[in-house]
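Examining the three-dimensional arrangement
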Amino acid sequence: MKPADRPAPLLEIRDLAMHFPVREGVFLRANNSCRAVDGVNLTVAPGETLGLVGESGCGKSTLGKCVVRLHRPTAGQIIFQGQDLAHAKGAALKAQRRQLQMIFQDPVESLNSRHTVGDIVAEPLVIHEIGNAASRKARVRDLLAKVGLPADAGDRFPFEFSGGQRQRIGIARAIALEPKLIVCDEPVSALDVSIQSQVLNLMLDLQREMHLSYVFIAHNLAVVKHVSDRIAIMYLGRIVELADAETIYRAPRHPYTRALISAIPVPDPARRQQRIVLQGDVPSPIHPPPGCPFHPRCPHATERCKVETPALRPVGAEGQVVSCHYDL
Amino acid sequence: MPSADAPLSAIDPVLEVRDLVTSFDTDSGRLKAVDGVGFSVRRGRTLGIVGESGCGKSVTAFSIMQLLPRPMGHIDGGQVLFEGRDLTQLPPEEMLKIRGNRIGMIFQEPMTALNPLHTIGRQLSEVFLLHKTTDRRAALAMSVEILAKVGIPSPEVRVGEYPHQLSGGMRQRVVIAMALACKPSVVIADEPTTALDVTIQAQILELMQALQDEMGMAIILITHDLGVIAEMCDDVVVMYAGRVAEVGPVDRIFAAPSHPYTRGLLASIPRLERPRKTRLKVIEGLVPPLNQMPAGCRFQNRCPFRTDICAQPPPADFVTPDHQVACHRWRELPAFQP
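Quick notes on the overall build of chain A
- Looking only at helices and strands, chain A features 10 helices and 12 strands.
- In terms of overall dimensions, chain A is globule-like: its C-alpha atoms have a radius of gyration of 21 Å, near the 20 Å expected for 328 residues.
- For chain A, the spread of C-alpha atoms along the principal axes amounts to about 70 × 55 × 50 Å.
- For chain A, contacts bridging at least 24 residues in sequence account for 63% of all contacts bridging at least 6.

Next up, the structure:
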């Protein structure tokens, strides 16, 4: 898609930063900060799925939580339908949140075990004062049917359901207000393989039917690639590469993206591949390395990478950007 | 699946499990978590056990190691043959000499497998003091040596540190060092990389392969990740609901899976080369709870090829001399398309 053909973005993230104070020492003074998200720019078009991939601690979940304003970002803007949510509060924020929902990773932790499934799914309707008791009940029935749960599910409790079914409950709750955008934080990584595909199919069906946009956060690149239109790769709080899903997989430019793809075990014994095995661990976001954040693990790092932080620049395919000094 | 007459067992097995039945006492009675599982592990090779949560793969591992939680867990039948002995019949003090010495174990969660209150050196030395030496200094020197072998930088410093001072990948290296300390002939690795990031997983898998090439131990690798199985294993056991669905060489199982469950699993994983945003194939329904297992084939409620015959216990047929499947209808299934 050429930039001109792209519809106006539903969500635009500008220079977003989320720094958490790190309290240390006897007086627990905040002398340091954990730069979980450090200058991120992203857009999400209506009906689009943006995949967000990275390893633990790269800031992908923090970014997702900033978007739905479970965190108040340190700096930057979150422009959703033309309004900046980064510093919105009260009624203005609540109004926008109707359009902005979240699906969580852990289907056990994210459902209140003392509420019935019906109450859980109806809660967004109650909070936003939509309909009356009877109409809500009917709406909950529709929603449960839509996500493929049995009709009597509304009167039961979360513990009576399996992991996959609980994730369906979470999805029903997220779509109850007919949102425009859903942030999905590792929605299938706690599920077994045979259940994972059921839930992914449901999410794809709902997207088509309701014209939803997803921000799909996961560490499993194969899953992300299957559901996403574009994919952003995060490392230490920054986007290191962004491109359409096919390009990320076929023509990755950043050495980290390449290592990440080659590290995925391929379920085909005939294709045991030569892996690029990265040395070392991800550095702490409290003390990120100077220069390019990836340079301590990069097989191609030079002196320049140790001092100069690369900016995102366009390369190769239309819309592909990468933060690396070199054309590898 | 009975493997007493299986040709796999003819190829120099280092460990053999026959008709293992393991059950647990629960509020709803005694339930069989593993029900008649059999396979053999070839010397110096890697056998994968794959299956979903609750299929009994970890219980099988704990049964081999005689580490079932007491008093709820019991081995109700079958044999675990290792170095000419049946481990299920050994008295606990004999088992102590085998566990950690002849058979090592790598656990999933390196933080809980290590004692947070003891230094790395002290925990590793314990293994050597139990099996190899009585001299603490010698044990510590051995610890430094094995840490170097698993790729831990400056091991002489690390022995004095505590588990929390290491990263997840480094901790898993320590757990591997512990499992391999006494040069066992078999190592059981229960989801060794599930808690790790992909780039760290790649490091650990590479390390396990390099150590196997060098030390020649057999590995039983338990995982839910078919990708890890494909990359690491020579043979694979596919488990479903406490039983073996299919067993054979990894190339055959992936190219010509004969059990509808194996086929369903292989077809349902998202793959990088598949077209995006298309519907994935699914295995409909859920695994029945252990106390509501159907008679006959346990996969029947989810199987697209089910007929009346599936209410009978499935045979353990040989597709090829080394590929065995527990399905009535495997001959009639259409050719597999991933």
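On we go from here.
Examining the packing of helix α5 (residues 120-131) of chain B against helix α6 (residues 136-149) of chain B
Residues and elements named next belong to chain B.
- Between α5 and α6, whose axes approach to 8 Å, the crossing angle comes to 110°. Viewed along their axes, α5 and α6 adopt a mutual orientation that is roughly perpendicular. In this structure, α5 meets α6 at a crossing whose hand is right-handed. Contact with α5, carried on its side by Gly121, Leu124, Ser125, Phe128 and Leu129, involves Arg136, Ala139, Leu140, Met142, Ser143 and Ile146 of α6 and no other residues of that element.
- Classifying every residue of the contact of α5 with α6 gives seven nonpolar, three polar and one charged.

Some thoughts on the confidence of the model for chain B
Residues and elements named next belong to chain B.
- In the predicted model, chain B carries a mean pLDDT of 92, and 97% of its residues have values of at least 70.
- In this model residues 2-9 is a low-confidence stretch, pLDDT under 50, and it forms 17 contacts with partners more than four residues away in sequence or in other chains.
- Overall fold confidence (pTM) sits at 0.90, and the ipTM for the predicted complex is 0.85.

A word on the interface of chain A and chain B
- Counting from both sides, the interface comprises 33 residues of chain A and, opposite them, 39 residues of chain B.
- Those elements that provide at least two residues to the side of chain A that touches chain B are α6 (193-210), α7 (221-227), α8 (245-250) and α9 (255-263) of chain A.
- Broken down by element, the side of chain A that touches chain B gets its largest block of residues, seven residues, from α6(A).
- Along the lines of polarity and charge, the residues of the side of chain A that touches chain B split into 18 nonpolar, eight polar and seven charged.

With respect to the environment of B:Ser167
- Locating B:Ser167 in the fold gives a position in the loop between α7 (155-158) and α8 (168-180).
- Taking the C-alpha atoms as reference, B:Ser167 lies 9.6 Å from B:Met111; in sequence the two are 56 residues apart.

Quick word on the sheet that holds strand β8 (residues 213-218) of chain A
Residues and elements named next belong to chain A.
- Pairing in this open sheet of eight strands is mixed, and the strands run β6-β7-β8-β3-β9-β10-β12-β11 from one edge to the other. Both outer strands of the open sheet, β6 (100-103) and β11 (313-314), are each paired with one neighbouring strand and no more.
- Across four bridges, the pairing between β6 and strand β7 (residues 181-185) is parallel. Pairing of Leu100 across the sheet is with Leu181, part of β7.
- Its contacts with the sheet place helix α5 (residues 163-175) against β6 and β7, and it is angled at close to 175° to β6.
- Across the sheet, α9 lies against β9 (230-235) and β10 (238-244), angled at about 105° from β9, the strand it touches most.

Here we look at the packing of α8(B) against helix α9 (residues 198-215) of chain B
Residues and elements named next belong to chain B.
- Where α8 contacts α9, the axes come no closer than 10 Å and their chain directions differ by 20°. The angle between α8 and α9 falls in the class roughly parallel. Relative to α9, α8 is oriented so that their crossing is right-handed. Residues Gly168, Gly169, Gln172, Arg173, Ile176 and Leu180 of α8 form the contact with α9, whose own contacting residues are Ile200, Gln203, Ile204, Leu207, Met208, Leu211 and Met215.

Some thoughts on the nonpolar core
- Core analysis: the biggest nonpolar cluster contains 187 residues, and A:Val121, A:Val215, A:Phe216, A:Ile233, B:Ala177, B:Val186 and B:Ile220 have the highest contact counts within it.
- Considering every element that reaches this core, the biggest residue donor is α8(B), with eight residues.
- Setting aside residues up to four positions removed in sequence, A:Phe216 forms contacts with A:Thr49, A:Leu50, A:Gly51, A:Leu52, A:Cys184, A:Val224, A:Val227 and A:Ser228.

Quick word on the sheet that holds strand β4 (residues 75-80) of chain A
- An order of β2-β1-β4-β5 (chain A) is seen for the four strands of this open sheet, with the pairing classed as antiparallel. Across the chains shown, the open sheet's two edge strands, defined by having one partner strand only, are β2 (29-44) and β5 (83-84) of chain A.

Details of the confidence of the model for chain A
- Per-residue confidence for chain A gives a mean pLDDT of 91, with 98% of residues at or over 70.
- Predicted confidence in chain A is weakest over β2(A), with a mean pLDDT of 89, and strongest over β7(A), with 97.

A few points about α8(B)
All names here are of chain B.
- In this model, α8 (13 residues) spans 18 Å end to end at C-alpha, consistent with the 18 Å of a helix rising 1.5 Å per residue.
- Most of α8 sits out of view: 12 of its 13 residues are buried.
- Buried within α8 we find Gly169, Met170, Arg171, Gln172, Arg173, Val174, Val175, Ile176, Ala177, Met178, Ala179 and Leu180.
- Taken together, the buried residues of α8 touch β6 (103-106), α4 (110-113), α5, α6, β7 (186-190) and α9.

Examining unusual backbone geometry
Residues and elements named next belong to chain B.
- Each neighbour pair has its own omega, and for Arg70 with Pro71 the value is 0°, a cis peptide bond.
- Within the fold, Pro71 resides in the loop between α2 (57-64) and β4 (73-82).
- Residue Gln66 is not a glycine yet carries a positive backbone phi of 55°.

Re helix α4 (residues 133-146) of chain A
Residue and element names in this part refer to chain A.
- An ideal rise of 1.5 Å per residue puts 20 Å on 14 residues; α4 measures up with 20 Å between its terminal C-alpha atoms.
- Among the residues making up α4, those that are buried are Val140, Leu143 and Leu144. For α4, the arc enclosing every buried residue in end-on projection is 95°, short of the 170-degree limit, so these residues lie on one face. Turned more than 90 degrees away from the buried face of α4, the exposed residues are Ala134, Ser135, Ala138 and Asp142.
- Its buried side turned inward, α4 meets α3 (117-127) and α5.
- Two residues or fewer past α4, Gly148 is found with a positive phi of approximately 80°.

Rules and cut-offs
Residues numbered from 1 in each chain as written. Chains lettered and ligands numbered in written order. Predicted model: local features only at pLDDT ≥ 70, side-chain atom pairs only at ≥ 80, totals over all residues. Helix = DSSP H or I, 4+ residues; strand = E, 2+ residues; numbered from the N terminus. Rg over C-alpha atoms; globule rule 2.2 N^0.38 Å. Contact = placed C-beta atoms within 7 Å. Axes fitted to C-alpha atoms, helices over the stretch in contact; angles between N-to-C directions. Parallel < 35°, antiparallel > 145°, perpendicular 65-115°, else oblique. Left-handed = near helix turned anticlockwise from the far one by under 90°. Nonpolar A, V, L, I, M, F, W, Y, C, P; charged D, E, K, R; others polar. pLDDT = per-residue confidence, 0-100. Pairing = 2+ DSSP bridges. Core = buried A, V, L, I, M, F, W, Y, C linked by C-beta atoms within 7 Å. Buried ≥ 20, exposed ≤ 12 C-beta atoms within 10 Å, placed from the backbone. Expected span 1.5 Å × (residues − 1). Arc of directions from axis to C-beta.

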